[in-house]
Structures are given as C-alpha cells and as structure tokens.
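Each chain, letter by letter, is given below.
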4 protein chains.
Amino acid sequence: MIHFECDYTEGCHPAILQRLVETNEEQTTGYGMDEHCENARALIRNLCEAPDADVHFLVGGTQTNTTVIASILRPYQGVLCAETGHINVHETGAIEATGHKVLPLKSSDGKITAGQIREAYDAHWNDHDHEHIVQPGLVYLSQSTENGTIYSKAELTAISQTCHDCKLPLFLDGARLGYALASPENDLTLADIARLCDVFYIGGTKVGALFGEAVVITNPAFTRDFRYLIKQHGGMLAKGRLLGIQFETLMEGGDDCLYFQISNHAVKLAYKIKEAIVAKGYDLLYDSPTNQQYPILPDEMVEKLSKEFSFAVWSKVDDKHTAVRFCTSWATRKESVDTLIQKL
Amino acid sequence: MIHFECDYTEGCHPAILQRLVETNEEQTTGYGMDEHCENARALIRNLCEAPDADVHFLVGGTQTNTTVIASILRPYQGVLCAETGHINVHETGAIEATGHKVLPLKSSDGKITAGQIREAYDAHWNDHDHEHIVQPGLVYLSQSTENGTIYSKAELTAISQTCHDCKLPLFLDGARLGYALASPENDLTLADIARLCDVFYIGGTKVGALFGEAVVITNPAFTRDFRYLIKQHGGMLAKGRLLGIQFETLMEGGDDCLYFQISNHAVKLAYKIKEAIVAKGYDLLYDSPTNQQYPILPDEMVEKLSKEFSFAVWSKVDDKHTAVRFCTSWATRKESVDTLIQKL
Amino acid sequence: MIHFECDYTEGCHPAILQRLVETNEEQTTGYGMDEHCENARALIRNLCEAPDADVHFLVGGTQTNTTVIASILRPYQGVLCAETGHINVHETGAIEATGHKVLPLKSSDGKITAGQIREAYDAHWNDHDHEHIVQPGLVYLSQSTENGTIYSKAELTAISQTCHDCKLPLFLDGARLGYALASPENDLTLADIARLCDVFYIGGTKVGALFGEAVVITNPAFTRDFRYLIKQHGGMLAKGRLLGIQFETLMEGGDDCLYFQISNHAVKLAYKIKEAIVAKGYDLLYDSPTNQQYPILPDEMVEKLSKEFSFAVWSKVDDKHTAVRFCTSWATRKESVDTLIQKL
Amino acid sequence: MIHFECDYTEGCHPAILQRLVETNEEQTTGYGMDEHCENARALIRNLCEAPDADVHFLVGGTQTNTTVIASILRPYQGVLCAETGHINVHETGAIEATGHKVLPLKSSDGKITAGQIREAYDAHWNDHDHEHIVQPGLVYLSQSTENGTIYSKAELTAISQTCHDCKLPLFLDGARLGYALASPENDLTLADIARLCDVFYIGGTKVGALFGEAVVITNPAFTRDFRYLIKQHGGMLAKGRLLGIQFETLMEGGDDCLYFQISNHAVKLAYKIKEAIVAKGYDLLYDSPTNQQYPILPDEMVEKLSKEFSFAVWSKVDDKHTAVRFCTSWATRKESVDTLIQKL
C-alpha cells in the first residue's frame, strides 16, 4: 500500500530526529524557556523580517487555533471564516467550547474575500438589534486552505486592508503554510504574511516535524499574557525544547532552510500528479497549486486505485464519479508518484 | 403612534397585575418553592395531560433556551435548528457561551423537516472522521417560528419519530406557543406537544405576562438537578412567586384560560390584517397563520405608514419593495387594526 | 408565622406596584431603551454624582455578578473575594461557568482588607511560575456583606487605592447596598462608592423592588459593549421598562427617596432586635450594623421561636447553641419585631 | 550545574528515542488509531489486569486532567481535591475554563482522606439551599502527590469505598505514578489502582518519555465518546503513533518493563538523598517516599548549593531556613547524587 492519504503518515524528517538524538542528554529549563526555543524564535523573527514579533510554540493545530482565537475575542464576539474552515468543521467545536461562535462565510474553494468580510461587518453594525447578535471580532483564514488553494498577495492585501478598516484582527492558520509558500503560483513571502496579519502560525506537524506549530504575533496588542493562555489550553509542553529543536532544524539556513526544501519537494511531486490528471482528461474538484490534489475520477478507477494506494475519498460528485484527495509530503517518493501516475 | 412592532410593547394583561396587587403582602418562600408556583405547575401539568412532567419557571427566553440546551448536551455536542432559529441569530451567542455549537439547517420559512434532521444525523455518523466534528445532540424548534409559521401535527409527529430513531432529544421553544395554538390552521394541542417533545416551554413574556417562561420537561431523563442549572444561569428569581402568580392567572380555567383568550384575540386581529393585505393585492413574505404578519409593501407605502404606525422593517425585497412585520398582542385594539387597514 | 427569614418574602413596596399599574398601558420600546429606564438612569447618575457613568438594569444578583465579572476578566484571570462571598459559595458556580476561577481570601466577618489584596497580588507576581497560576484580575466586595457587616470609608478607600496600585478593577456587589447606607455606623455615600469603585450595583430585589439590580459603571474602560454581555447572559428583559419604572420609583426625591426610606425602616427595626439580643445577654455571631442580625441562641430557644417565627438557622456554634439570622425589610412591621423581642 | 530541579530536564530515555528512529519511516493512520497505539493499549490493559478498560493517549498533564474532568462532570458540578492539587494551583484555571469549580479540601501533605470526602458530600446535601451551591461530582487525587507523598492501599480503598457510597467517580492523576509504584513504602499495584479508580492515568512526561499520558478508563460509564473530548481539548495528536511507540517501549516486559526500571532508578537515588538529609540532621518539609525530596535547609546552605546545583526553592520556613525540592529521574546519575550529598 502506498500512502497519499495525508501529509502526516510518517514520523518526521530524519534531520529533525537526528537533532533530537544529539541533544537528548542536554539539561534545559522547561516550558519553552530554553535556548533552543530562544534560537528558533530568533530564526523565525528573522525569516519573517519581524524583529519585534512574539513567537510561541504549541503542539498541534486545533490547540493553536483555540488558544489564539480565545486570546483575542471578547466573550460576545465571534470569528469570521470560510464555511469550510478547519475551525468550523473539523475541530469538534473547540472554538465554541471557549465560548465563541464561528461565523461562516460562503466559499466554493476554501477562500473568502475582502468583500465578504466587509459585508458581514456592515450587516452586523447596520442591524438595529446588533446587541442581540454575535459581533464579528476576528477574521480567520488558512493558507493553504483545506482545499489546497492559496491567497495571492493582492487578495491578502485587500483582506488585510479591510480588516484594518473594520478594526478586525486578522489571523492566518498556516498549518500548511510551507506548501503555500512553495507553490509556483505563490507571490507572498513570510515577511509579507507577517506584515499583513496580526497573528499567524507556521505549521510543523504537516510539514516534516513530529509535531509543533510556531505562532507569530506581530501586533503588540495581542501579545499580553499569551503564555497564560497556552498553559490554560494545555499547550505548554513540559519539555518545550522539543519544539525549539524541531523548529531550529526546520528554520536554519534562511531561504534554503529545511522547511522550504520539504515544502518544495512535496509541491513538485504534487504537480506531477496534477499534470498527469489533467493530461488524462480528468477534472479537478479544486484547482489546487499546493501539495493536496483533488481529481474527480470514475468510480471504477477509485475502486481500482484503492487496492494499491491509500487516499482520502472527498465527495461524491455524481452517480458515476467521486472526488478524491492525494497528498504529498517530505516523505513522498518520486517512485511512488510515478507508480500512481501509471495507474491513473 | 400606533404600535405593531412587537408583542411586548405594553406591561401585562390587567388580570395579572390585579393578581400581583392582591397577593403582594403574602409572605412566601423564595426561589419558586411557594404555593403559587406549585399551583401553577399543577395547572400546566393538567393542561398538558402530563401528570409527571417537571415544570420550572424562568424569566426570559434566551435564558430558558440556554439553560435547557446546556442541561442536555454533552460538551462535544451541538444543537440542530433552522438557520433562522432564535438561538442561532438573536441571542448574542448565548448557546456558544455555554460551549456548544449551533448546527444550522437551511430553512425558507423558519421550519425544518424530519428529513433534514435525519440527513444531518446520517452525515455525521457516516463521516469517517466524525470524532473531529461536533456531534448532533439535540433538536431545537420554535412554535410558532420567528417567521410566524407553525408545524402541523403530522410534521411534528414525523420530527418526533425521527428524533426518537436517532436518539436526539426534541426541544420546542414556545415563546409564542399561545399564538400557534390559537391559529385557525393549528391541529396540535398542548397535550400533543407534551407527548411529542422531550422538553418545551410555554411563553409568557410575549403572551400577556410581565415576563416568564414555563419549562415543561416530560422526559424524565432530563429532569435531574435542573434547578442547579437554573440557578447557575441566573434564572432563579428570588421572588419566584411572581412567576407562579402570573402563570396561575394565565392557566386557570382549562380550555378557556386567559392564556388562550389572549392568544385568540391577537390571532383574530392578525387575520384581519392578513385578509386586508391579500385583498389589496400585496404579497406576503411568509404565509403566517399566527400573530405576526409579513406583507411586502411598496416603499412609499412603508414610508407613509411609518408616520402613524410603528412596525418592524424586515428585509428589502427588491429596489421598490420592502417586507415589514406587524405584530398583534393581548393589548392590540380592534380600532387600531381598523385604522391600519384603512391606510394600507 | 411571622417571617424574618430573608428580605424578600413579600412582593414589592406598594408604591412600586402602584406605578406599574399606572404605566401598564403605555407602549414603549423594549430591552431597556425606553424613557422610564432613561429617567431612572439619570436619577441614579445624579445620586451617585457620576454624570458620565453607564447605568444598566438587570434582573437578579447572580446574573449581575456573572455579567460584570465576565465582562472584565481575560480568560486566564480570576476574581479575588472573601471566602464567604456570594460568588464563591451561593451561585452554583456561575462565575466558573463563564470560565473564571474565584480566588477566595480568608475572612471571619465577610470582609477582606487592602492588605490581603496586596498580598495575593504580590504572591502571584512573585511566583516564578506565575503563568501556571490564575492571575488575579478583579476584586469583588459586597456591601453590606453576607454577614451584614460593612466597609467604612477608610477601609474602602484603602482597598480602592490598593486596587489602583495593582491595576485591579474594583467591583462592589450592592445587592443590600441600601441597608449599608442606612446603617448608623456607615460613613460612605453613594457618591463615595461611585468614586472608589470601577463598577458596582444598587440592589433592588432585596430592597423593596419586585426584582432588579442597577449596575453603575464609572470606569469608562469597562463600558464597551456591555449590552451584548447582558443579552448573552440572559439578563436583557424584553419589557425592560419594568426595571426602569421600579428604579424611578425607588430613586426619585434625592436624599429622601424611597430607596433610602425603605432601608432606614429596615435597619431601624433590625437595631431594635439587636439591642434586645444584647440586653438579654445573648452573643452575636457577627456584629452587624445592618438589616441582618445573627444572635447565638440556646437550642431550646431556637426551637421555641421556630414555632412562631421563620428565620434562617445559620450555624451550630457549640452543642447547646445555634446562630440564627433575623432579617428585616420594607415589609417588616414594628409589631412583629415587638412580638419577637418579647419571646427572646 | 547539576540539575535536580524537576524530572523533565532532559529529552527521553534513550530506548524510546531509539524506537522512534527505527519506526520513523513507517506509514500509519493518524490520531491514535495505528498499530503501535493498539499494542500499547494491550500492554497497559494487561499490566492493569483490566482487559475491558478504555486506554487513550494524550500529550500532557494539564490537557489530560481537563479532558477527563470535563468528560465526567455535569455543568453545575465541581471536583473535590486537595487544596494543593495540581488542578487547583498549577493549571492556570484550565478546569474553570471548562466551566467547573475546583472544590479544595484542606491538606498538609498533598493527600486527602475518605473522611474529608464524606464530610464534603454530606455538607452539600444537608444544606437546605444546595441548589445554590456547586455539587461535588468527582474526586481527584494524585499519586504520588505534589508533595511526593503516596496513598497506601488501605487509604485508597477507603476513598474508593466512600466515593462508591456517595456515587462520586474517582479520578487519579498519575503524572508521577511510576515513582509511587517504585516507592519502598508502596503497597499498591497497577491492578489495584485500576480496580479502585474509575479513571486514572499513567504519566509518561515525567517518567522518561518525551511526552505523553496514558488514560485508563475502567468504569464503562465514562468511556462514551471520549475521543470527541480529546479532539475538542486539542489533545488528539495527528501523529498519534508517537504516543503509541513511547508507551510500547515503556510498558513491554511485564513487571520488569522500562517504566518500572526508570521509576526504581529514580526513587533509589532519591532515597540516597533523603538518607543523607536525615543523617545530617536536617528536617524534611514532607516525609516523601518517592522521587521528590523536600529538606529544610539553612539559608546559607541554600545559597551555597545553588552555585553548583539547580533545584526548586519551595517555601520559606522561618527567617533562617528554606524548604527546597530535589527531584530525581531516569537521567539522574549516581555521581551527581554523591556530589550533592558531599556538599550538604
């Protein structure tokens, strides 16, 4: 069985494991206050050209989304996001468990627009009874989205401007940020994202780490007491160095760092799959420029492939076709992709 | 200015106030354990033909919805309701503030169907990753709905059966239950509702009381420790007798009780308005058989009427027409309705 | 049976009921935006000499405490209070239900001191691991306390100063504020309290109203969007005028207003009881200068009295003595007090 | 600098790291549904002689406490624990953030008794107004406690019996369970604990793992939908195998498994320290039979030691003495202990 079902079927990139072995006997302070964490923070600030940013390391994505969102919203506020957003559909109500409503906006491809944000904002404040309605208090995007799509610089700039006009902080979930940055269609840098968002995170779990997400808070209005929130949400790892060491390994080396290498590798292979799909005349459910590809295949083909490959069955498109998802990662081999292409 | 904007612009039905005056000097136990509350509970159990039901009195609707829903759901469960449901759009996220997601279902008229509930239930449990998704744990309806529409006996029976099959408790918000029961199109009795729902409430605030909602819990699985929940949610009135006295006054007299008289009066006047709207050739946004009427009027007419009458501007229908809402209540006078009809 | 068990065994002061009757047919806007509420707000601002204060009306005490505290605290903060404080022991965890820890301070008489607040603040910030500990974010007092005791001007000034130094907002629960102000030992005015606290409330439920608490927010940092919080916590009464009308009636007339008359009446009768207790040689559990009196009586006396009078059994003091509580209110008659005294 | 400040200053036991390296390339299902997790579950059930127990793996202790407690309590219930319990003092209000009050019981050594539990239970239910008070809904212990002390079999049996009588589930936090089991004073087995508690966990983070806690639910009443709760609380690791692999490594080999070896090693060295302390005439703050030792030392000694050793300063005992804590772990060397003893 060759696995394309997600980007976290293996352990981690060997370089990370190697570093964990090398540092295992070191004695450090706990809870993320050690030198590896400090060093990783510096590397991230540097790559983001955000020398004053607060950087924190958490274990997983749901935890990170919950902690960031709970840290920003007042009790009667909610978070605007695409109806397909991870926080709306795949976190077992973790946001609501902190008391906040998720305010979904229509989306056909995982993205939302500056116009939709403006409209939702105006709709709230123009309502005569707005005190009876959850107040929009934050905007949540993911880059890349759950559908593999990405925001362009123009789109993110427009959203950022609208958020600024509406005094709505902007939070970008970068669980798969590496794959977005590695996309041939991408025109955003980490520094752009740091400049355009109030908070975002650089995902490790899905981009070669054992686990870990690096939160970057660039708006000083939201840095206060963030470590209390991490602790309260169960995200403060006792052996916090494990996060520091992983992100050190991923982020050293500037533009040629391991994080980008991993992302490039995965996206390159995903494009091979995408080109084969298109060449063979299959349609795509979403036109994704990243490491997730969503072909619409005849049901017999889906059945045949499932004997040799694991992948996600996404949705039934009509009574003879099904959309599926193939994911690539640091661990995907060129030979596996070639085998898949042959069988398509 | 003649008021049609809602059904709570005045104080209360004079008979209630009279009773409050008569009982004012009585000394009673607090927190709803007094004899007036006991008597009101007995009257309600009787009208509902539910001798074993638990009956509790709360102050307002949002509080009641929150308390009931929080008492039933486990932490990772959500409540299915029409997207237009009061808990989804007009309670400032009170349900989410208790940790639970509202799971909205499409609705064009404020109602949902047994089929939609079944579909949502199946969609959840058929999902391979259902543990990552909020689990449906309860169904919320309102009768009459926010759009004035009502469920028929056949519809409510089908919903109740589906809920039973899916082990989903059924909760009916009866903030305007009187007006539903008084509708010429209604074929449900209080006893039917008590039999078909696990919990429901009989609204007082919008049906002639100063305030107050009577919760009826017919499923013994949900009666445990309910008073703790009322207290925690700030709904346990120190002078609880005020609720008992009001519901005594409303519910005495069986089928001819004040609650039904008030409701009949309001619906009768609403039908006069409805008939005039139709006779004059205006369309209705919703075909409501209760005390809320939603004509679509030319904008000039809306402007003209607003000089003499207060009413709710509901939604812009096209660039020349607006839907508005006229409400009637115990306090609406036949002469006011006649004046309105003349001006239409 | 003559009732001394609490200060809310009857309905309301007849003047309030009279006003409700007179205004019953008026048509007003809902949710506290009517003219009676506006007028009551102006009267309260005037009495408090706080022309810029925000004034809001809620239904009950638990609801008010929860709403105010949830509006001020960040998610990882808690509220300092006496271990006997109402929020710590008699609200079924309503504060915790909003996500916040109550941080109890030792107290023998229901009061806490500036020194205790300072100590708790220092203990937190001096702890090396303070991010693992709930941060004190607010101070809660009650005046009068659950034990009938009151803060002097010197004490409240010291607390206010300490709170200011520690950047801890100060919130005073005035469910029984009238009785504190009416005490012969009191040297605080409403204006002092408005000046020394960031938020407080003037209790109606226990001081002659049917129900209702008037929140006064004097620190503009805490006024933002307060109405959203009221709505979310189920405290926004549809017929909000009922609160406005009651507080109008209570607060009209300046220093001679009904609120003060009621309080004076109750405290005067409480002192008659207190003097009789002392004269007859009984001890007091707390030396209360307000409308709650706590004699320690021989068990036979408690048993004998309980045949004719209702009162609260407070605590067993030794195997032959029990502390009880007698409460007076607007409705307590001089004759009832005389009868009680005879039997002591 | 030689570290005795806690039991998590290094990475993990080398055998665990070795196993992570060996399995790194394996492709597995995510979220704890892989074969390593299955195998680890079987090993744990076996050691606990609890073939039907549910076993779940979470990342850290605060997260585990929060998830378990939130899964069991109804909204108005609280959790009884020692006032020094981790959930009461060192989790930044994580329990309260899920809506529940922590109900602290007096404790001088980190332990509570069956008698205290019974008393708290009776006090609640005997209170006339118990609906106004948080209801005890669960008992939380830690073994070993925050003070290094342990419950004997007789004590735990008595507590378990009382909990059963009061229908209070019993939850044991075993973040340091290994060290308790390894104590010379211990007379409990894992099987005893599984039999006497409704839920408990076997701590990995502090006993040689990189991270990870294994929750064992033996009472089937509390297994329902537990994975939803893990996900909602951010504890469902995408690469869940990391937990399975670690616990496999720790738990293989029955009574001679690595988990016990590590624990024995640490406790043996702790006893060397303890014996030296006593021999040199210093007092102990708590008489701990596990891997945490709490000598009371002269302040000059504390200052002197702090130049060569890191350790926790626990509390000031008098103006010349301070209690400190020395911790041992899998990584503590005999030579380090010898050096410390020399300097005492």
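In case you missed it, the structure is sitting above this.
Here the structure is a predicted model, which is why all the values come from computation and not from measurement. (Residues numbered from 1 in each chain as written. Chains lettered and ligands numbered in written order. Predicted model: local features only at pLDDT ≥ 70, side-chain atom pairs only at ≥ 80, totals over all residues. Heavy atoms only, no water.)

Q: Is there a simple way to explain the relation of the copies chain A and chain B in this structure?
A: Both copies of the chain are related by a screw-like operation: a rotation about an axis and a shift along it. Superposing chain A onto chain B takes a rotation of 180 degrees combined with a translation of 0.0 Å along the rotation axis, leaving an RMSD of 0.0 Å. In symmetry terms, the pair is related by a two-fold rotation axis. Comparing interface residues between copies, 100% of those in chain A also sit at the interface in chain B, which points to an isologous, same-surface contact. (Least-squares fit on C-alpha atoms with pLDDT ≥ 70 in both. Contact = heavy atoms within 4.5 Å.)

Q: Would you mind showing me how to read the pairing of strand 7 (residues 199-203) of chain C here?
A: It is a general feature of regular strands that their side chains alternate between the two faces of the sheet. All names here are of chain C. Burial runs high along strand 7: five of the five residues are buried. The two faces of strand 7 match: Val-199, Tyr-201 and Gly-203 on one face and Phe-200 and Ile-202 on the other face are all buried. Relative to strand 7, strand 6 (residues 170-173) is paired through two bridges, and the arrangement is parallel. Among the inter-strand pairings, Phe-171 is bridged to a residue of strand 7, identified as Val-199. Sheet analysis places strand 7 next to strand 8 (residues 213-217), joined by five bridges and oriented antiparallel. Across the sheet, the residue bridging to Phe-200 is Val-216, located in strand 8. (Buried < 20%, exposed > 50% of the residue type's maximum accessible area, 1.4 Å probe, protein only. Helix = DSSP H or I, 4+ residues; strand = E, 2+ residues; numbered from the N terminus. Pairing = 2+ DSSP bridges.)

Q: Help me understand the relation of the copies chain A and chain D, please; the structure alone is not making it clear to me.
A: Least-squares fitting of chain A to chain D yields an RMSD of 0.0 Å, with the transformation described by 0.0 Å of translation along the axis and a rotation of 180 degrees. Of the interface residues in chain A, 98% have counterparts in chain D that sit at the interface too, so the contact is made through matching surfaces.

Q: How do you make sense of the interface of chain A and chain D when you look at a structure like this?
A: Note on interface size: it is often stated as the accessible area lost on association of the parts. Counting from both sides, the interface comprises 47 residues of chain A and, opposite them, 46 residues of chain D. Together chain A and chain D conceal approximately 3800 Å² of surface at their shared face, both sides included; 55% is due to carbon and sulfur atoms. At the junction of chain A with chain D, the criterion picks out two salt bridges. A salt bridge links Glu-25 of chain A to Arg-333 of chain D; the shortest N-O distance between them is 4.0 Å. In terms of residue count, the dominant contributor to the side of chain A that touches chain D is helix 1 (residues 14-23) of chain A (four residues). (Buried area = accessible area lost by both parts, 1.4 Å probe. Salt bridge = Lys/Arg side-chain N within 4 Å of Asp/Glu carboxyl O.)

Q: Where do I start with the sheet that holds strand 4 (residues 102-105) of chain A in this structure?
A: Residues and elements named next belong to chain A. The mixed open sheet is built from seven strands, whose spatial order is 2-8-7-6-5-3-4. Looking at strand neighbours, the two that pair on one side only are strand 2 (54-58) and strand 4, the edges of this open sheet. If you compare each strand with its neighbour and ignore which way they point, the axes differ by 25 degrees on average. Taken together, the five bridges between strand 2 and strand 8 (residues 213-217) define a ladder with antiparallel strand orientation. Bridged to Leu-58 within strand 8 is Glu-213. Set on the sheet, helix 6 (residues 114-126) makes contact with strand 3 (77-82), strand 4 and strand 5 (135-142); between it and strand 5 the angle comes to about 165 degrees. (Axes fitted to C-alpha atoms, helices over the stretch in contact; angles between N-to-C directions.)

Q: Please explain the packing of aromatic side chains as it appears in this structure.
A: Applying the stated criterion to the full structure yields 54 aromatic pairs over all chains. When the centroid spacing of 4.9 Å and the interplanar angle of 80 degrees are considered together, the rings of Tyr-286 of chain C and Tyr-294 of chain C count as edge-to-face. Tyr-294 of chain C sits in the buried class, given a relative accessible area of 0%. The interplanar angle of 65 degrees and the centroid separation of 5.8 Å between the aromatic rings of Tyr-140 of chain D and Phe-171 of chain D together place this pair among those described as edge-to-face. Here Tyr-140 of chain D, found in strand 5 (residues 135-142), pairs with Phe-171 of chain D, found in strand 6 (residues 170-173); they are 31 residues apart in sequence, far enough to count as distant. Using a relative accessible area of 0% as the deciding quantity, one classes Phe-171 of chain D as buried. Put simply, the rings of Phe-4, Phe-309, Phe-311 and Phe-326 of chain A touch in pairs and so form one group of aromatic residues. Just above the ring of Tyr-151 of chain A sits the side chain of Lys-111 of chain A; from NZ or CZ to the centre is 5.5 Å. (Phe/Tyr/Trp six-rings, centres within 6.5 Å; stacked < 30°, edge-to-face > 60°. Lys NZ or Arg CZ within 6 Å of the ring centre and 35° of its normal.)

Q: Teacher, can you tell me more about the interface of chain A and chain B here?
A: At the interface, 19 residues of chain A touch 19 residues of chain B. Roughly 1400 Å² of surface becomes buried between chain A and chain B when both sides are summed, with 48% attributable to carbon and sulfur atoms. For the interface between chain A and chain B, the tally reads two salt bridges. Here Lys-101 of chain B makes a salt bridge to Glu-96 of chain A, at a shortest N to O gap of 2.6 Å. Our count for the contact surface shared by chain A and chain B stands at ten residue pairs in polar contact (both at pLDDT 80 or more). The set of elements that each furnish at least two residues to the side of chain A that touches chain B consists of helix 4 (86-89) and helix 5 (94-97) of chain A. The residue inventory of the side of chain A that touches chain B, partitioned by class, reads six nonpolar, seven polar and six charged. (Polar contact = N/O pair within 3.5 Å; in protein donor to acceptor, adjacent residues only side chain to side chain. Nonpolar A, V, L, I, M, F, W, Y, C, P; charged D, E, K, R; others polar.)

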